[in-house]
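Architecture and fold: a report
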Amino acid sequence: MHLQDIFIAGTSTTADAMAWTMAEILNHPAIFKRVRQEIHDLTNGSGNNRLVEETDIPNLHYLQAVVKEALRLHPPVMAAPRVCREACRVGGFDIPKGVAVALNVYSITRDPDVWENPDEFSPERFLQGMVEKGFQANGFAAFGGGRRMCPGSNLAFTVICYAVAAMVQCFDWKVGNGEDGVRMEAGLGMTMSLAKPLVCLPLLQVCLDQFQMEASSL
Ligand code: HEM
């Protein structure tokens, strides 16, 4: 594996996941509000008013569930390649030794036998047990699985949660182009991204004092 592989594997995947997460919560204002409330409850205690920090992520369970649900519905890597080391039979198909196959991540994460209402954005499903099971849980294939599972999964998950938390805590977002909500079509590319880039205007909503304090101490 080369250093370049890590850049290729780790950059647009993470950016896509952030865009899909923001797109989903902008289309679901009640979920956006609940994420903001969770952050507020954690960061505004006993007269304290601070920006969310990376170390808060383990305590932001709903935020984690939201990011997982966005990864489940919109896995940036839609397929994970493998080569069969021995002849085998999968789902009634005979696969000879040496043949290249791909795990269809997209259909695993929307499998109706595993997920109730699989096409629905419902972060609550991860609060009912799945969130603790980690990324190898049955049906959560956004980071692949087994020995070749994504080695950047924990880093990516933390970065996405942190970025989304900061965007939700500090800004209201006006969806651009005068459209009613964000269009959720997927585009074609190396990774699965929004077909139309997410365009929205940030409107500063909290933390003005905090920003001014931090700016004046620079
Ligand atoms: C949301 C972000 C990301 C997603 C959805 C994602 C998803 C995946 C998937 C599905 C695989 C294939 C796993 C398999 O074959 O079972 C993979 C492999 C890989 N990922 Fe990620 N990834 C992400 C972020 C990252 C980051 C941040 C890094 C590095 C800093 C990274 C490094 C890699 C590498 C090196 C591999 C190849 C592993 C191997 O073949 O042994 N990924 N990723």
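Notes on the structure in this doc start here.

About the thresholds
- Residues numbered from 1 in each chain as written.
- Predicted model: local features only at pLDDT ≥ 70, side-chain atom pairs only at ≥ 80, totals over all residues.
- Heavy atoms only, no water.
- Helix = DSSP H or I, 4+ residues; strand = E, 2+ residues; numbered from the N terminus.
- Buried < 20%, exposed > 50% of the residue type's maximum accessible area, 1.4 Å probe, protein only.
- Contact = heavy atoms within 4.5 Å.
- Areas by Shrake-Rupley, 256 points an atom, 1.4 Å probe, with all protein chains shown as cover.
- Donors = N, O, S within 2.8 Å, 3.2 Å for Na, K, Ca; no water.
- Near = heavy atom within 4 Å.
- Polar contact = N/O pair within 3.5 Å; in protein donor to acceptor, adjacent residues only side chain to side chain.
- Core = buried A, V, L, I, M, F, W, Y, C linked by side-chain atoms within 4.5 Å.
- Phe/Tyr/Trp six-rings, centres within 6.5 Å; stacked < 30°, edge-to-face > 60°.
- Lys NZ or Arg CZ within 6 Å of the ring centre and 35° of its normal.
- Axes fitted to C-alpha atoms, helices over the stretch in contact; angles between N-to-C directions.
- Parallel < 35°, antiparallel > 145°, perpendicular 65-115°, else oblique.

Assigned secondary structure in the protein chain consists of eight helices and six strands. Listed N to C, the secondary structure of the protein chain is α-α-α-α-β-β-β-β-α-α-α-β-β-α in terms of helices and strands. Looking at the protein chain as a whole, 39% of its 218 residues qualify as buried. Of the contacts made within the protein chain by residues no fewer than 6 positions apart, 68% connect residues no fewer than 24 positions apart. Accessible area for the protein chain stands at about 12,900 Å²; split by element, carbon and sulfur atoms hold 57% of it.

Moving on to the coordination of the iron atom of the ligand. If you check the protein contacts of the iron atom of the ligand, you find one donor only, Cys150 (SG), at 2.3 Å. In this fold, cysteine 150 is placed in the loop between helix 6 (124-127) and helix 7 (153-170).

Here the focus is the site of the ligand. Neighbouring the ligand are 24 residues, the closest being Gly10, Arg82, Gly145, Arg148 and Cys150. At a separation of 2.6 Å, an oxygen atom of the ligand approaches a polar side-chain atom of arginine 82. The side chain of arginine 148 places a nitrogen or oxygen atom 2.6 Å from an oxygen atom of the ligand. Taken together, the elements giving at least two residues each to the shell around the ligand come down to helix 1 (3-10), helix 2 (12-27), strand 1 (79-83) and helix 7.

All right, on to the nonpolar core then. One broad rule of soluble globular proteins: the nonpolar side chains tend to lie buried together. In terms of nonpolar packing, the biggest core is built from 40 residues, with Ile25, Val35, Leu63 and Leu71 touching the most fellow members. With eight residues, the top contributor of residues to this core is helix 4 (residues 61-73). Sequence-distant contacts of leucine 71, that is, excluding residues within four places in its chain, are made with Ala17, Pro76, Phe140, Ala142, Phe143 and Phe157.

Taken as a whole, this structure holds three aromatic pairs when the rule is applied. Taking the centre distance of 5.8 Å and the plane angle of 85° together, the rings of phenylalanine 126 and phenylalanine 140 count as edge-to-face. Remark: phenylalanine 140 occurs in the loop between helix 6 and helix 7 and phenylalanine 126 occurs in helix 6; sequence separation between them is 14 residues. With a relative accessible area of 3%, phenylalanine 140 lands in the buried category. Three or more aromatic residues link up through ring pairs in this structure, and these residues are Trp115, Phe126 and Phe140. For the cation-ring pair, lysine 68 lies above phenylalanine 140, with the distance from its terminal atom to the ring centre recorded as 5.9 Å. When the ring centre of tryptophan 115 is taken as reference, the NZ or CZ atom of arginine 72 above it lies at 5.1 Å.

This part is about the packing of helix 2 against helix 3 (residues 29-43). The geometry of helix 2 relative to helix 3 is characterised by a closest axis approach of 5 Å and an angle of 110° between their N-to-C directions. Judged on the interaxial angle alone, helix 3 and helix 2 are roughly perpendicular. Seen from helix 2, the contacting residues are Ile25, Leu26 and Asn27; seen from helix 3, they are Pro29, Ile31 and Phe32.

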